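Listed below are the residues making up each chain.
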Amino acid sequence: MPHPHPEHPHPRPEDRDADPRDGRHETATERMDRNWNELLQELRVAQTGVQILTGFLLTVPFQQRFLDLDSYQQTVYLVLVVLAVTATGFIVAPVSLHRILFRRHLKRELVDSADRMAQAGLATLALVLAGSALLLFDVVVGRTAGWVAGAAALLGLLVVWLVLPLRLSHRARREGD
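Residues numbered from 1 in each chain as written. Predicted model: local features only at pLDDT ≥ 70, side-chain atom pairs only at ≥ 80, totals over all residues. Heavy atoms only, no water.

With that settled, the discussion passes to the packing of helix α1 (residues 28-59) against helix α3 (residues 107-140). Contact pair α1 / α3: the axes reach a minimum separation of 10 Å and the direction vectors enclose 25°. Relative to α3, α1 is oriented roughly parallel. Considering only the axes of α1 and α3, their crossing is left-handed. Listed contacts from α3 to A28, M32, D33, N35, W36, L39, L43, A46, V50, L53 and L57 of α1 are K107, R108, L110, V111, A114, D115, A118, L122, L125, V128, L129 and S132. (Axes fitted to C-alpha atoms, helices over the stretch in contact; angles between N-to-C directions. Helix = DSSP H or I, 4+ residues; strand = E, 2+ residues; numbered from the N terminus. Parallel < 35°, antiparallel > 145°, perpendicular 65-115°, else oblique. Left-handed = near helix turned anticlockwise from the far one by under 90°. Contact = heavy atoms within 4.5 Å.)

Before going further, it helps to examine a nonpolar patch on the surface. Taken together, the side chains of L122, L129, L155, L158, V159, V160, W161, L162, V163 and L166 define a hydrophobic patch exposed on the protein surface, amounting to about 840 Å² of accessible area. Mapped by element, the contributors of at least two residues to the nonpolar patch are α3 and α4 (143-176). It is α4 that contributes the most residues to the nonpolar patch, eight residues altogether. By the element assignment, L158 lies in helix α4. What makes L158 partly exposed here is its relative accessible area of 40%. (Patch = residues over 30% accessible without salt bridge, like charges linked within 9 Å, V, L, I, M, F, W, Y side chains within 5 Å. Areas by Shrake-Rupley, 256 points an atom, 1.4 Å probe, with all protein chains shown as cover. Salt bridge = Lys/Arg side-chain N within 4 Å of Asp/Glu carboxyl O. Buried < 20%, exposed > 50% of the residue type's maximum accessible area, 1.4 Å probe, protein only.)

This is the structure we're talking about:
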């Protein structure tokens, strides 16, 4: 923790440890900076994948076999494009938010809003991934296989992206008590 100015015997509120229990010895500002940097690292991973997936989906109508899709498959495809663009928008939005809020001393608001956008982007990305499995299996094997593949993909993503992290968080909280 930064030492208070010699003329001030007590640390200023902004210099106090944000959470003395976590062993990090960081101020609230340092914590927000760390949270922002961690979020950016996570978004870098997600951005690449979602942008490649979106780009791929945008090229599908220009393939010869696209005309062979039935109306259900075309509808699923169009929903996937909308979801992929939406996921990309959510995952890239924190960059725009940062540009607008830059140097306005709103780091907490930036981190909180960017976190919600990242979560919305990941939820939407899960739908795109599951829907892509649904469409691919529908085209290659059949409608029933498409539904099974889509449901299995969504369930798998829910387990590893939501259930597992929540269980780990709950366990850590329980062990911390």
